[in-house]
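Each chain, written out:
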Amino acid sequence: KEGEKNHKVRLAVGNGVRNDVWREFLERFGAVKICEFYGATEGNICFMNHTGKIGSVGRTNFFYKLFFPFDLIKYDFQKDEPIRNKHGWCEKVKKGEAGLLISKVNAKNPFFGYAGNKRHTEKKLLCEVFKKGDLYFNTGDLMVQDHDNFLYFWDRIGDTFRWKGENVATTEVSDVIVMLDFIQEANVYGVSVPDHEGKAGMASLILKHNASLDLEQMYKQVVTYLPSYACPLFLRVQEKMEMTGTFKQQKFRLVDEGFNPSTITDPLYFLDNSKKAYVLLTKELHEMIVSGKIKL
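Not measured: the values here are computed from a predicted model. (Residues numbered from 1 in each chain as written. Predicted model: local features only at pLDDT ≥ 70, side-chain atom pairs only at ≥ 80, totals over all residues. Heavy atoms only, no water.)

Q: Explanation requested: the overall build of the protein chain in the structure shown.
A: Each helix and strand in the protein chain was counted, giving seven helices and 18 strands. A compact globule built from 296 residues should have a C-alpha radius of gyration of about 19 Å, and the protein chain, at 21 Å, falls within 12% of that. In terms of its C-alpha atoms, the protein chain occupies a principal-axis envelope of roughly 60 × 60 × 40 Å. Buried residues in the protein chain amount to 41% of all 296 residues. Contacts in the protein chain between residues far apart in sequence, at least 24 positions, make up 56% of those at least 6 positions apart. As presented, the protein chain carries roughly 17200 Å² of accessible surface, and 52% of it is formed by carbon and sulfur atoms. With 42 positive and 38 negative side-chain charges, the protein chain shows a separation of 6 Å between the mean positions of the two kinds. (Helix = DSSP H or I, 4+ residues; strand = E, 2+ residues; numbered from the N terminus. Rg over C-alpha atoms; globule rule 2.2 N^0.38 Å. Buried < 20%, exposed > 50% of the residue type's maximum accessible area, 1.4 Å probe, protein only. Contact = heavy atoms within 4.5 Å. Areas by Shrake-Rupley, 256 points an atom, 1.4 Å probe, with all protein chains shown as cover. Lys, Arg positive; Asp, Glu negative; His and termini not counted. Charge placed at Lys NZ, Arg CZ, Asp CG, Glu CD.)

Q: Sorry, what's going on with the packing of aromatic side chains here?
A: For any two aromatic rings, the description comes down to two numbers: the centre-to-centre distance and the angle of the planes. If you walk through the whole model with that rule in mind, you get twelve aromatic pairs. Pairing phenylalanine 130 with tyrosine 136 gives two aromatic rings, centres 5.6 Å apart and planes at 90 degrees, and the pair type is edge-to-face. Geometrically, the ring pair formed by phenylalanine 234 and phenylalanine 259 is stacked, given 4.1 Å between the ring centres and 15 degrees between the ring planes. Taken together, the residues phenylalanine 234 in strand 16 (residues 234–238) and phenylalanine 259 in the loop between helix 6 (252–257) and strand 17 (268–272) connect sequence positions 25 residues apart. When its relative accessible area of 0% is taken as the criterion, phenylalanine 234 is described as buried. Counting every residue linked through ring pairs, the aromatic cluster contains Tyr38, Phe47, Tyr64, Phe68 and Phe70. Sitting over the face of the ring of phenylalanine 70, lysine 65 holds its NZ or CZ atom 4.7 Å from the ring centroid. (Phe/Tyr/Trp six-rings, centres within 6.5 Å; stacked < 30°, edge-to-face > 60°. Lys NZ or Arg CZ within 6 Å of the ring centre and 35° of its normal.)

Q: Is there a simple way to explain the sheet that holds strand 2 (residues 33–39) in this structure?
A: The strands making up a sheet associate through hydrogen bonds between their backbones, and the pairing can be parallel or antiparallel. A sheet is described by the order of its strands in space; here three strands give the open sequence 1-2-3, paired in mixed fashion. The open sheet has two edge strands with one neighbour each: strand 1 (11–14) and strand 3 (46–48). Neighbour-to-neighbour, the strand axes of this sheet turn through a mean angle of 10 degrees, independent of strand direction. (Pairing = 2+ DSSP bridges. Axes fitted to C-alpha atoms, helices over the stretch in contact; angles between N-to-C directions.)

Q: Just to check I follow, could you spell out the nonpolar core for this structure?
A: Looking at soluble globular proteins, one finds that nonpolar side chains tend to be buried together. Formed by 44 residues in total, the largest nonpolar core has its most connected members in Ile177, Leu205, Met218, Phe234, Phe270 and Ile289. A per-element tally of this core places strand 14 (residues 183–191) first, with five residues. Sequence-distant contacts of phenylalanine 270, that is, excluding residues within four places in its chain, are made with Leu233, Phe234, Ala277, Tyr278, Val279, Leu281, Leu285, Ile289, Ile294 and Leu296. (Core = buried A, V, L, I, M, F, W, Y, C linked by side-chain atoms within 4.5 Å.)

Q: For this particular structure, what's the right way to read the side chain of threonine 170?
A: Along the chain, threonine 170 turns up in helix 4 (residues 170–177). On the basis of relative accessibility, which here comes to 3%, the residue threonine 170 falls in the buried class. Contact partners of threonine 170, with chain neighbours within four places excluded, come to Asp155, Asp159, Phe161, Val188, Tyr189 and Lys251.

Q: I keep staring at the pairing of strand 1 and nothing clicks. Help me out?
A: If a strand is regular, its side chains alternate between the two faces of the sheet. In the sheet, strand 1 pairs with strand 2 via four bridges, with the strands oriented parallel. Looking across to strand 2, one finds that valine 13 is bridged to cysteine 35.

Q: Would you take a moment to explain the pattern of salt bridges for this structure?
A: Once the charged atoms of two side chains with opposite charge are near each other, the side chains can pair. Under the counting rule described, the total for this entry stands at eleven salt bridges. For the salt bridge of aspartate 71 with lysine 65, the shortest nitrogen-to-oxygen distance reads 3.5 Å. Lysine 118 serves as the salt-bridge partner of glutamate 122, at 3.2 Å between the closest nitrogen and oxygen. Here glutamate 122 and its partner lysine 118 are both found in helix 3 (residues 118–123), four residues apart, which amounts to about one turn of the helix. In this structure, a network of salt bridges that share partners links the residues Arg236, Arg253, Glu257 and Asp266. (Salt bridge = Lys/Arg side-chain N within 4 Å of Asp/Glu carboxyl O.)

Q: What is the right way to read the sheet that holds strand 17 from this model?
A: On the basis of which strands lie adjacent, the open sheet formed by five strands has the order 14-15-16-17-18 and mixed pairing. Looking at which strands have only one partner, the edges of the open sheet turn out to be strand 14 and strand 18 (277–280). In this sheet, neighbouring strand axes are inclined to one another by 25 degrees on average, regardless of whether the strands run parallel or antiparallel. Where strand 17 meets strand 18, four bridges bridge the pair, whose relative direction is antiparallel. Its bridge partner being in strand 18, phenylalanine 270 is matched across the sheet by valine 279. Contacts from helix 5 (residues 215–225) reach strand 14, strand 15 (200–207), strand 16, strand 17 and strand 18, with the element oriented near 135 degrees to strand 18.

Q: Which parts of the structure should I look at to understand the pairing of strand 15?
A: Along strand 15, seven of the eight residues are buried, which leaves the element largely enclosed by surrounding structure. Judged from the eight bridges that link them, strand 14 and strand 15 form a sheet pairing that is antiparallel. Following the sheet pairing, valine 188 is matched in strand 15 by alanine 203. Sheet topology note: the strand 15/strand 16 ladder contains five bridges and is parallel. Within strand 16, the position partnered with alanine 203 by the bridge is leucine 235. Between the parallel elements strand 15 and strand 16, the chain passes through helix 5 in a crossover that is right-handed. (Right-handed = clockwise from strand over helix to strand, strands pointing away.)

As structure tokens, this is what we get:
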């Protein structure tokens, strides 16, 4: 409505804002400074974006790394663990590549762990990363550092999946889908398909109030803005999105339920490449996919 820029708000601080929401917010409400940050209660590393660079969680430099030593290392999504070379050491990613964020644990940057949960505490620590005796906190988050040293959250390691030999970031796929004006929310995850390596992309969708799903627009959107391996093969339309206690999208149950129309009552759709369209996923079509009669 008119007059949305007439306010006294000058600063917004928080984390997890989507790029499209960030841009739309600035367009509607004017020059509000947005300080996006990254951190975890138990972590020994944090970032804050003071410059307003859209999408970034902060910027690093020589002095920052002096006080908060961190690195982005190569990660194996199939084995769900950091990649180690023939000498047993982890390797850093190049700028522009996604890597697992790890932060050095020492007297200045301690990690106190989880009260009463020794096993969980040990799981968050990586030993002998670059040399004998070193110790790092494993954030469980994938980040990208660009050539100007801005850092961007890429995905949680449990959410990223591999398909057609490529790593798919669920956040990237979700960001593309929610650009459509009839989509309220998109929860993207990988599902297992018999006799196929990796996981196929699936998106659970919440439609905007009184909006209907435009399958033609959906197809156009994903093939235009996503590489072929990242286009969701399956769609599921839900009434409401399940959230965790910390307001993150719940994925575990959706992953377990997969794409079987015999057990799922929500409408399901399949990306049929031969028809260049999303089509209704029937029990017959499901059987053909599972038996390998349809090539994915």
